[in-house]
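Close look at the chain arrangement
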Amino acid sequence: MSTDGTTDARAGGDPLIEFRHVTRRFSSGRGSAVTAVDDVSFTVDKGEVYGVIGFSGAGKSTLIRLINGLERPTSGIITVLGHEVSGLSESKLRHVRSRIGMVFQQFNLFQSRNVAGNVAYPLRVAGWGKADRERRVHELLEFVGLADKAKAFPEQLSGGQKQRVGIARALAVKPDVLLADESTSALDPSTTGEVLRLLRRANEELGITIVAITHEMEVIRSIADRVAVMDKGKIIEEGRVYDIFSNPRDDGEVTFVGSALKDRPTPEDIGRIRQHTTGRLVTVSLKDSSAVGSVLGRAAEHGVAFEIVHGGMNTTKNASFGLLTLALEGEHHAVQRFVETMKAATPVQEVRDGEEVPR
Amino acid sequence: MIDTYRNLDWDYYGPELFDALGETIQMVVFAFAISAWIGLTLGLLLYTTRAGGLLANAPVFWTVNFLVNTIRPIPFIILIAALQPVTISMLGTGIGNTAVIHAMVWASSFGIARIVEQNLVTIDPGVIEAARAMGASRTRIIFTVILPEAFGPLILGFTFVIIAMIDMSALAGIVGGGGLGNFAIVEGYQRFRPEVTWLAVAAVIVMVHLLQILGNLAARKVLRR
């Protein structure tokens, strides 16, 4: 299946999900059309967490609904779990859907059923017997930590609890894929962490492949292995989360990564820093592999004194990186030699008064 | 006033009122037992066949919508008269309580259709999407998601319809039917005995209050608030 060479090399088998030149256009009367998804191609491999990030209106919701056939493509081919879902009828799709769980931004719990009833619903759809259903519901509620809420109704739960019920329901029939549609966007920061940890456990302990769409960088950073940045219906950047965070490239994405990374001083920060130092200001990249610390340790040997005036670290699922802003004081040539030494170890950028630090 | 009722010939009016009440209940129960199903089906059709609905189908939607809009606004007294040929061909007679029940079924079915539709559109489309995402069939979604999710409001809607049907049944006298309406007009109004009319009024009021209380209790239980 991976004949066009776009498949990520680290996965052994066929991709679980494959989009080939998929477009979804909505006609909105009076002849005008909106292209929600525009010639998108990507693959998701078994066992990975694939994040899609973008501003609202970027087409993420449509994209994720194309995977389980809630939306149909205008053109292009979508293969999920070996089935070409773009060509299946609504009734044939049901079989594929039963292997894909979905979690929603607004939880979408059945108000007419209690927690246990909500979790049992997909099991009923899949034709499980009563005893099996009860055992599985109990198991799932244990997994999400809500065993004591089985008889509660949705309106009696907090947002985080509702989403945990949503996750238990999505995991009920042991799906191969979990689709997370802005699963934490309606939650406050502390419950967001709770739900993200749960998604991560579903991925790590149950081996479920997850596709998560979000506008929150936090979500991508804490659970995704790979990320696609979506803007105006197109995927404008795709790669491993660490790479895309530490080396942002394209315009649409800079604003996104920038919104999440508070690691470089703003012009206002620089103005404030200038009140305390006259030294040369530089930013130094920190990565797991760079040995910035040992270079800084030898500053005195160069006759240079340094002060850390700004900095920020960011952590992804499996790596961290950041940026330090230093004020260097000393004889002009000594400072220059010291900067050259640092440049040998890690990228260094000049900080100019009143200007943004470029990425 | 009280004397008036004290002097009322209860041996005559008591059984008469009781019979009239029985006939009203009979007409409403029979008509509702039929129209509830027709109305529910039509309402579900309106809701599911609309654009973006589960069974989106423009021709079906527009046909049902047109039928509902055509029949529902006809004043009931005119509908009874207008339906005469249909009533006679279906039941062999155009008069009596059965003829009234027939007209009530027509009027209330289309009324219920609209009320069902109005209650169903308030369902969060997200829960239907969730059920679709789980692989539930459309039939299953209708019976296990759409109807249960709207059950509370539907109870209130049906209570409203039953009360409207008591109103309809009061016109039965027009085609020789009985019931409280006929009792009030024939025994009270036409014999210049307003206190007899008020007996019928009181019976209707008690009936409506009881129904509304029952409806509210049931809806409250289903909605858990």
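Definitions and cut-offs
- Residues numbered from 1 in each chain as written.
- Chains lettered and ligands numbered in written order.
- Predicted model: local features only at pLDDT ≥ 70, side-chain atom pairs only at ≥ 80, totals over all residues.
- Pairing = 2+ DSSP bridges.
- Helix = DSSP H or I, 4+ residues; strand = E, 2+ residues; numbered from the N terminus.
- Axes fitted to C-alpha atoms, helices over the stretch in contact; angles between N-to-C directions.
- Contact = placed C-beta atoms within 7 Å.
- pLDDT = per-residue confidence, 0-100.

1. Points about the sheet that holds strand β13 (residues 320-330) of chain A
Residue and element names in this part refer to chain A. A sheet is described by the order of its strands in space; here four strands give the open sequence β12-β13-β11-β14, paired in antiparallel fashion. Taken across any chain shown, the strands that pair with only one partner, and hence form the sheet edges, are β12 (304-315) and β14 (348-350). Going from strand to strand, the sheet's axes swing by 25° on average, the running direction of each strand aside. Bridging between strand β11 (residues 280-287) and β13 involves eight bridges; their strand directions are antiparallel. Following the sheet pairing, L281 is matched in β13 by A327. The strands touched by helix α12 (residues 332-345) are β11, β12, β13 and β14; relative to β13, the strand with the most contacts, the crossing angle is about 165°.

2. A closer look at the confidence of the model for chain A
Of the residues in chain A, 89% have a pLDDT of 70 or more, and the chain-wide mean is 86. Overall, residues 1-12 of chain A carries pLDDT values under 50, and its contacts beyond four positions in sequence, including any with other chains, amount to 14 contacts.

3. Section: unusual backbone geometry
Residues and elements named next belong to chain A. Even without a glycine there, the phi angle at H21 is positive, about 50°. Here H21 lies in strand β1 (residues 17-27). For N108, which is not glycine, the phi dihedral falls at a positive 55°. For N108, the location among the structural elements is in the loop between β6 (100-103) and α3 (115-125).

4. Regarding the pairing of strand β10 (residues 234-240) of chain A
Residues and elements named next belong to chain A. Pairing analysis gives six bridges linking strand β9 (residues 226-231) to β10, with the strands arranged antiparallel. When the bridges of β10 are listed, A228 appears paired with E238. Between the antiparallel neighbours β9 and β10 lie two residues, among them K232 with a positive phi of about 50°.

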